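Structural overview for review
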Amino acid sequence: MPAKSKAQQKAAGAALSAKRGETPKAELKGASKQMVESMSETQLEEFAATKTKGKPEHVRK
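Per an unreviewed UniProt entry, the recorded name for the protein is DUF3008 domain-containing protein, and the organism is Rhizobium tubonense.

**Structural notes on the environment of lysine 55**
For lysine 55, the location among the structural elements is in the segment after helix H3 (41-48). Among the residues examined, lysine 55 registers a relative accessible area of 27% and is labelled partly exposed. Through-space distance from the C-alpha of lysine 55 to that of lysine 4 is 6.9 Å; in sequence the pair is 51 residues apart. Those residues in contact with lysine 55, other than ones at most four positions away along the chain, are Ala3, Lys4, Ser5, Lys6 and Thr50. Among the polar contacts made by the side chain of lysine 55, one reaches the main-chain carbonyl oxygen of alanine 3 at a distance of 3.2 Å.

**Regarding the pattern of salt bridges**
A side chain with one charge may pair with a side chain of the opposite charge, provided their charged atoms come close. Taken as a whole and judged by the stated rule, the model has three salt bridges. The salt bridge involving arginine 20 is made with glutamate 41; its shortest N-O contact spans 3.1 Å. Within this pair, whereas arginine 20 is found in the loop between helix H1 (6-19) and helix H2 (30-38), its partner glutamate 41 is found in helix H3, the two being separated by 21 residues in sequence. Of the residues examined, arginine 20 reaches a relative accessible area of 41% and is grouped as partly exposed. Since its relative accessible area comes to 33%, glutamate 41 is described here as partly exposed. Residues arginine 20 and glutamate 45 are paired through a salt bridge, measuring 2.7 Å at the closest nitrogen-oxygen approach.

Parameters at a glance
- Residues numbered from 1 in each chain as written.
- Predicted model: local features only at pLDDT ≥ 70, side-chain atom pairs only at ≥ 80, totals over all residues.
- Heavy atoms only, no water.
- Helix = DSSP H or I, 4+ residues; strand = E, 2+ residues; numbered from the N terminus.
- Buried < 20%, exposed > 50% of the residue type's maximum accessible area, 1.4 Å probe, protein only.
- Contact = heavy atoms within 4.5 Å.
- Polar contact = N/O pair within 3.5 Å; in protein donor to acceptor, adjacent residues only side chain to side chain.
- Salt bridge = Lys/Arg side-chain N within 4 Å of Asp/Glu carboxyl O.

Shown next as structure tokens:
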């Protein structure tokens, strides 16, 4: 499942970095903090690998 916005893609990248141990989990904020706990590494890779060209910065619910 690809990311729907640039913000979601960035949050997934931050969560993936923390999941791999490259970044401390204490540095995470907002959505990335929730993503690291609730998603697998494979799911985070899919979100983080999404191309951002043509994506909006944020998507409203």
